[in-house]
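What follows is each chain in one-letter form.
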Amino acid sequence: MSRPLVAALLATTGLAGGIAACSESKSEPVPSHPTTAAAPPSSAAASHPKVEPKADAGALRAALPTAPPEPVTYDGPLIGALYGQTPIMSDMEWPKKEEDKKKDKDKGAVRIGYIRQGQKVPVLPEPHPKSNCKEGWYELVQGGFVCGRYASLDLNHPKIKLAPHPPDLEAALPYQYGYNVANGTPLYRTLPSREERVKLEPWLAPKPKRPKPVETDDETTASYGDDLDAGVPLLLAKATTTITASTTDPFGLGADEVENTTPWYLRQYDGGKPTVTLDELKGEGPVARRMVKGFFVGLDKEMSEKGSKWWRTTNSLIAPFERILVHNTASKFHGVWLDGSAPESAEGPGAAARKPTPDLCKPGSKAQVGVITFYKAKKYVVSVSRKSVTGGDAVARHTVVKLTGDSVSINGGTYDETDEGWWMKASEGAKTNPGNPPKDLAAGEKWIDVDLKSQTLVAFEGDKPVFATVVSTGKEDKTDKEKNHKTPTGTWRIREKHIAATMDGDVASDGPYSIEDVPWIMYFNGSYALHGAFWHNNFGRTRSHGCVNLAPLDARALFGWTEPRMPDSWHGVWSTPEKPGTRVVVHE
């Protein structure tokens, strides 16, 4: 099919549009020069898990700049992804090796996106076999090419039918998440037998019986003398001491043997974290890997098999049900779209007349958006003389307000006037403070300002601010480099976007961390990204390993607003010179 015909199809179907820091670990990555794809783990029949109710409609509307587009009906052929990342290339080629790029002016094909296992996208069904893809390349209606080695027109293919369920793009979070409650929890490739479970999960084994102590008399002990091998008295001591199983010594080995023979996940850490690396967590046989307490997994569904309950993850691995706690406490906070409407918290009957806030959120303007970050904040009343202040009603944390630009200092404290007439104490909240726009900014071009000092973010279209919120950037430690995760300052463009992807890393001061399917990721500088964070609610304060953490609703809203646009049913998209990413400016 010719390219003009593809363009016509796009128009008529409506499908034309759309750590260290936070390091990424992608499920089932496809190599730059694929050879033979490894077979994914087997899985049980798909069914959705018991998911939490979506965020209320009002919150979702407040997090979106416009109403979602009307659904598009497409009844043409589809192609389904067979692997965790089925790559979408700009041409019917694989990327060139770095050394070849330097020799040749033609940089070759580049990856422009990917579809996740089970996802289906419109396709021109005619294959184009080439030596680099004998199964044939397929051209997507939305643009790009996929190799038939990693995708199939047969939508009844087992890898498509049995794939984890697709992300929920209408919810604040695309997936449900589980918290690993104990060290050593295995993630199995396939369901293990009972014998395998007992061997690989020793905490399931029956506790050994307590041996009876061996009676000795002083004469027997003394007869060995003092000149025997150093190991003999130790053996005698063990023979005459009652050794029992315990939490820290499940096999009753005795204190001297535990450290050398007990797996890391059965040792006692006195409240600390295991000193293991991600590489050391890799498993063998039926175990794909083990988890440290505090790791998060994406949840696909509950299963009951072989007399036990399990969770299947969004990466098609299987976790013991009792070791995973469903995480249901994601923040419902969201920022405000600056379309002239009042923040949701101030709406309602009897609302006071509002004071004007001209040039709201513009660089250099005194009128900014404020967000309460203190748990016990109050609405303050400043006297007419502006020499005294009294505390009024309590105001909820993460309340968003518009500040008129009038401020006053009283008794060492600074207070900013809200458009409702009460005053916010500066130490109880955060105030936006955007810097100047990039000098080469095009008219109406989108860009994002992140201020590390105030922990705020403002999104712009040209010189017009359109969205404001608070964020959590990297923790700073000026005395300990290992604990210093400060987000770097500079100007970049969003390089790639993922609906969800795994972020993990080895941090010397904190130990390993792993969060599967971190939502709404927008990478802009190496492994630094804007992304949603469901595991904390400290927005407005530093928290991360370097990334810019956003509340889930804010991350989802910005994900849909930023460039490059994500075509329907894709899971990841890369920017290109023809379709550059939105600019991100990080400053202090």
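Just above sits the structure.
Predicted model, so just to flag it, every value in this text is computed and none were measured.

Conventions and cut-offs
Residues numbered from 1 in each chain as written. Predicted model: local features only at pLDDT ≥ 70, side-chain atom pairs only at ≥ 80, totals over all residues. Heavy atoms only, no water. Core = buried A, V, L, I, M, F, W, Y, C linked by side-chain atoms within 4.5 Å. Buried < 20%, exposed > 50% of the residue type's maximum accessible area, 1.4 Å probe, protein only. Contact = heavy atoms within 4.5 Å. Helix = DSSP H or I, 4+ residues; strand = E, 2+ residues; numbered from the N terminus. Disulfide = S-S within 2.5 Å. Salt bridge = Lys/Arg side-chain N within 4 Å of Asp/Glu carboxyl O. Pairing = 2+ DSSP bridges. Axes fitted to C-alpha atoms, helices over the stretch in contact; angles between N-to-C directions.

Draft legend 1. Quick look at the nonpolar core. Leu457, Leu530 and Trp570 are the most contacted members of the largest nonpolar core, which totals 38 residues. Setting aside chain neighbours within four positions, we find Leu530 in contact with Ile448, Val450, Leu457, Trp520, Ile521, Met522, Phe524, Val548, Leu550 and Val584. One finds Val336, Cys361, Ala430 and Phe539 within the second-largest nonpolar core, a separate group that totals 20 residues.

Draft legend 2. Structural context of helix α9 (residues 552-561). Extensive coverage of α9 is indicated by the burial of 9 of its 10 residues. Restricting attention to buried positions, one finds in α9 the residues Pro552, Leu553, Asp554, Ala555, Arg556, Ala557, Leu558, Phe559 and Trp561.

Draft legend 3. Spotlight on the state of the cysteines. In this structure the tally under the stated criterion is 1 disulfide. The disulfide partner of Cys133 is Cys147, and the gap between their sulfur atoms is 2.1 Å. Disulfide Cys133-Cys147: the torsion about the S-S bond is 95°, which places it as right-handed. Remark: Cys147 occurs in strand β7 (residues 145-147) and Cys133 occurs in strand β6 (residues 133-140); sequence separation between them is 14 residues.

Draft legend 4. Region of the structure containing the side chain of Thr418. With respect to the helices, strands and loops of the structure, Thr418 is situated in strand β21 (residues 413-418). Apart from the residues lying within four places of it in its own chain, the contact partners of Thr418 are Val401, Lys402, Leu403, Thr404 and Met424.

Draft legend 5. Fine view of the pattern of salt bridges. Enumeration according to the criterion identifies 21 salt bridges in this entry. Among the ionic pairs, Glu135 bridges to Arg149, the shortest N-O distance being 3.6 Å. On the criterion of sequence distance, the pair formed by Glu135 in strand β6 and Arg149 in the loop between β7 and β8 (151-152) is long-range, its members being 14 residues apart. For Glu135, a relative accessible area of 39% puts it in the partly exposed group. Ionic contacts of the salt-bridge type, sharing partners, join the residues Asp440, Glu445, Arg493 and Arg583 into one network.

Draft legend 6. Geometry of the sheet that holds strand β27 (residues 490-493). Spatially, the 6 strands line up as an open sheet ordered β16-β26-β25-β24-β33-β27, and their pairing is mixed. Only two strands of the sheet have a single neighbouring strand rather than two, namely β16 (336-337) and β27. Inspection of the sheet shows strand β25 (residues 456-461) paired to strand β26 (residues 464-470) by 6 bridges, in the antiparallel sense. From the neighbouring strand, Leu457 faces β26, where its bridge partner is Thr469. Together, β16, β24 (446-451), β25 and β26 form the strand contacts of α9, whose direction differs from that of β25 by roughly 25°.

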